[in-house]
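Inside the fold
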Amino acid sequence: MGPAAPARPGLADRLRGARVGVVGLGRTGRAVIEALRTLGAQVHAFDTRAASLDELALPVAGAAAGSAEEIAGAVEEADLGLLIVSPGVPATGPVLTRAAGLGLETWSEVELAWRLQGDSSSHQVPWLTLTGTDGKTTTVTMLSQILQAAGLRAPAVGNIGTPVIEAVLAGGAQALAVELSSFQLHTTRSLSPLASACLNLAADHLDWHGGMEAYAADKARIYRGTRRAAVYSTADAATERMVRDADVVEGCRAVGFTLGAPGLGQVGMVEDLLVDRAFHDRRADHGVELATTADLAHLAPGGRAEGLPAHLVADALAAAALARAAGAPAQAVAEGLRAFTPGAHRSATAAQGGGVTWVNDSKATNPHAAQAALSALPEGRGVWIVGGDTKGASLHELVVAVRSRLHGAVVIGKDQSGVLEALGAGAPGLPVTTIADAAPRALMEAAVRAAADMARPGDTVLLAPACASWDQFSSYAQRGDLFAEAARAAAQRADAAGAGAGRAAPQAPEAGGGQQA
């Protein structure tokens, strides 16, 4: 990490000698502490794990570890002037509740990074920000690739993994493609991006926020202070309402993205073309071709553009709109999309064998994301591995929406009641196998064996849990890695046994009570 850009009077004056608390000592928290120490603050560090304090290499004025309630008490006793919290600190939890009661100003790392940039020689570096229930990381990576194709140094930062403050401290960026979660937005106050987008809104993290209304309100913060373009989905009325109600800078325009033909002020599809009718002088009666679905074909099963999932096209349109707001030329959109490669655990083919395809979409941690993945499957050919921590969300609507795609389901999770209730009500007669709780590797191997027993040649086994992983795995990445490993072994066994040997494919659906597709 490079040195911080020199700060002008303002933030530095406020923080020099100030007592500032930092809650959460992961990568982001450590970067925050480094920035605060550079500015001369007296840092007090807090974490639920004592080991995090032991591993902290930077000297601090005070430190405490304990439960959330204990940390809330320690924050009060520290007599702080400012509190900076990690995204994992719940909106309705004791730390933020106590801080609000004390009138203690609370920022996210993103807020600190924005203010730090504003008081530095890099204050004109534009931020292009986006949020949404699903598709954030795909879209922000597409955006970064397009901006780089346009000749800009434009890293993808934020919720994607690299803290924004690291990029600000390092300097050198000409634009920032910033993915923001609702957690980060909850304590972000003064951000004023060049362009912003909310891709979609569906129930998620309701336990963290305390309800759907609070979750939506935090997502809507993405548009506040936007200067040039507030980008929304024409297919999601909630995002359009957010833009309509947003307090943006005068002159900011609303720009919709649509899978249909674009109207004036929109980007959309004309047959297989991605078309812009928002960011050029002749937009009233003319569209500019940005790319074709062939530029995204490498993301489709088998590399066939006609099989491209609709949600990936929507993500590409949103990325294109944000990039065009930053001045990216049309040819950069096509070049950037061709250069894009999806991240791990996002609809990635893990293995193929015995006529069965195994797909890892462990990142589908909510019903909305799982529906997007399942909807891309042929009718009746999906074996769905589902379950985990529902985060307070219901799966009933999801099951009804995807029932026609399913041949069977394998249910994981410590508490399977909500998933089983949804399957029973929305997919009666669907073959379902439940997997008992176990250590992560043994659990996933059992789930994959059950799915292999259920699958027929031509089926796809899809890990799209619609739930968080924390009840049984350390992360969605561990869940996906273990699935991919077990899937490869299952595919190899199927190939070694020979096509159809010992599978009794015609009888398998009858044994499970289902029907052949």
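Keep in mind that what you see is a predicted model, and the values were worked out from it rather than measured.

So, on to the nonpolar core. Leu36, Leu112, Trp127, Val164, Ile165 and Leu176 are the most contacted members of the largest nonpolar core, which totals 51 residues. For this core, the two domains that each supply at least three residues are domain 1 (17-107) and domain 2 (111-339). Setting aside chain neighbours within four positions, we find Ile165 in contact with Ala31, Val32, Ala35, Glu109, Leu112, Ala113 and Leu116. Counting 49 residues, the second-largest nonpolar core is a separate cluster that includes Ala156, Leu299, Ala318 and Leu337.

Next up on the list: the environment of Ala323. For Ala323, the location among the structural elements is in helix 13 (residues 310-325). Considered as a pair, Ala323 and Leu147 are 176 residues apart in the sequence and their alpha carbons are 6.3 Å apart. In this structure, Ala323 is in contact with Leu143, Ile146, Leu147 and Ala328, ignoring residues within four places of it in sequence.

Let us look at the domain arrangement of the protein. With domains assigned, the protein is organised as domain 1 (17-107), domain 2 (111-339) and domain 3 (348-498). When each unit is reduced to the centre of its C-alpha atoms, the spacing between domain 1 and domain 2 is 31 Å. Across the contact, 19 residues belong to domain 1 and 19 residues belong to domain 2. Between domain 1 and domain 2 the total buried area reaches about 1,500 Å² when both faces are included, carbon and sulfur atoms providing 69% of it. When the area that domain 1 buries against domain 2 is broken down by residue, the three leading residues are Arg27, Pro87 and Trp107, summing to 39%. In this structure, the salt-bridge partner of Arg27 is Glu166, at a minimum N-O distance of 2.8 Å. Where domain 1 touches domain 2, the interface holds two residue pairs in polar contact (both at pLDDT 80 or more).

Along helix 15 (residues 367-374), the positions that sit buried rather than exposed are Pro367, Ala369, Ala370, Ala373 and Leu374. An end-on view of helix 15 places all buried positions within 160° of arc, on one side of the element. Packed against the buried residues of helix 15 are strand 17 (382-386), helix 16 (396-402), strand 18 (406-411) and strand 20 (460-463). One side-chain oxygen at the N-terminal end of helix 15 lies 3.1 Å from the backbone nitrogen of His368; it belongs to Asn366.

Bringing the packing of helix 18 (residues 440-454) against helix 19 (residues 476-497) into the picture now. It is the contact of helix 18 with helix 19, at a shortest axis distance of 9 Å, that shows an interaxial angle of 45°. One element, helix 18, and the other, helix 19, form an angle in the oblique class. As helix 18 runs across helix 19, the sense of the crossing is right-handed. On the side of helix 18, the interface is formed by Pro440, Arg441, Met444, Glu445, Val448 and Arg449, while helix 19 contributes Gln478, Arg479, Leu482, Phe483, Glu485, Ala486, Ala487, Ala490 and Arg493.

Reading the values: the criteria
Residues numbered from 1 in each chain as written. Predicted model: local features only at pLDDT ≥ 70, side-chain atom pairs only at ≥ 80, totals over all residues. Heavy atoms only, no water. Core = buried A, V, L, I, M, F, W, Y, C linked by side-chain atoms within 4.5 Å. Buried < 20%, exposed > 50% of the residue type's maximum accessible area, 1.4 Å probe, protein only. Domains from an automatic or database assignment. Contact = heavy atoms within 4.5 Å. Helix = DSSP H or I, 4+ residues; strand = E, 2+ residues; numbered from the N terminus. Buried area = accessible area lost by both parts, 1.4 Å probe. Salt bridge = Lys/Arg side-chain N within 4 Å of Asp/Glu carboxyl O. Polar contact = N/O pair within 3.5 Å; in protein donor to acceptor, adjacent residues only side chain to side chain. Arc of directions from axis to C-beta. Axes fitted to C-alpha atoms, helices over the stretch in contact; angles between N-to-C directions. Parallel < 35°, antiparallel > 145°, perpendicular 65-115°, else oblique. Left-handed = near helix turned anticlockwise from the far one by under 90°.

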